[in-house]
Amino acid sequence: MESKKEKLVAQLRGKDKIKVLFVCLGNICRSPAAEGVLRSIVHENGMDARWEIDSAGTSRYHIGDLPDNRMRVHARRRGYELNHRCRQVQPYDFDDFDIIVPMDASNEANLKRIAPSLEAEGKIVPMIEWVNAATRHDCIPDPYYDGAEGFETVLDLLEDGCANMFNEMN
Ligand code: 4NP
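Cut-off values and rules
Residues numbered from 1 in each chain as written. Predicted model: local features only at pLDDT ≥ 70, side-chain atom pairs only at ≥ 80, totals over all residues. Heavy atoms only, no water. Near = heavy atom within 4 Å. Polar contact = N/O pair within 3.5 Å; in protein donor to acceptor, adjacent residues only side chain to side chain. Areas by Shrake-Rupley, 256 points an atom, 1.4 Å probe, with all protein chains shown as cover. Nonpolar A, V, L, I, M, F, W, Y, C, P; charged D, E, K, R; others polar. Core = buried A, V, L, I, M, F, W, Y, C linked by side-chain atoms within 4.5 Å. Buried < 20%, exposed > 50% of the residue type's maximum accessible area, 1.4 Å probe, protein only. Helix = DSSP H or I, 4+ residues; strand = E, 2+ residues; numbered from the N terminus. Contact = heavy atoms within 4.5 Å.

This part takes up the site of the ligand. Near the ligand the following residues occur: Cys24, Leu25, Gly26, Asn27, Ile28, Cys29, Arg30, Tyr61, His62, Asp142, Tyr144 and Tyr145. At a separation of 3.0 Å, an oxygen atom of the ligand approaches a polar backbone atom of Leu25. At 3.0 Å, a backbone N or O of Ile28 approaches an oxygen atom of the ligand. Protein contacts shield 93% of the accessible area of the ligand, which totals 350 Å² for the unbound molecule. When grouped by side-chain class, the residues that make up the shell around the ligand number seven nonpolar, three polar and two charged.

A separate point is the nonpolar core. Counting residues in each nonpolar core, the largest one holds 40 residues, and the members touching the most others are Phe22, Leu38 and Trp51. Residue assignment for this core shows that the elements contributing at least two residues are helix H1 (4-12), strand E1 (18-24), helix H2 (30-44), strand E2 (51-57), helix H3 (69-77), strand E3 (99-102) and helix H7 (148-168). Among the elements that make up this core, the one with the highest residue count is H7 (eight residues). With eleven residues, the next largest nonpolar core counts Phe97, Leu111, Ala115 and Ala120 among its residues.

Here we take up the side chain of Asn27. The topology assignment puts Asn27 in the loop between E1 and H2. Assessed through its relative accessible area of 0%, Asn27 is described here as buried. Of the polar contacts made by the side chain of Asn27, one reaches the side chain of Ser31; its length is 2.9 Å. Here Asn27 is in contact with Pro32, Ser55, Ala56, Gly57, His84, Arg85, Cys86 and Arg87, once residues within four sequence places are set aside.

Written out as structure tokens, the structure reads:
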């Protein structure tokens, strides 16, 4: 049977515009990093006009803040400048975006809770499902209470997942 992800990819492949929203808890570590990584891949391939990329958090903790300094430093070392301002995800995001990408199961459950319809729920495809590399992780792990290694793991997983997302939608 066709998976939710395969169905969504089939719908979006070849479309003029693809709108992606990455979602995590705080919107200061994982989802703004995902936004920066995909934006960079899209830009390097000259496809800025086709992709609209944003990120949001399920919580209200950091609204208006720049990404966490540790995430910014690790991302910058790989060439990504993260300048997103934190915002909270809203039910209308399901109207504005084609794909909504939670980083872990808790983010996914929170998104399902605010999805305004079954069709809207069909837009949710977890980030780990885009990752093809062999990994022991079943989600993009929250790096907030971790050391440097946690931030590097997040970036490794996001680089793989975003490259696959970009390629599968072409
Ligand atoms: P994020 O990481 O969800 O990847 O942005 C976190 C950021 C902040 C908190 C937790 C996770 N916090 O508890 O404030």
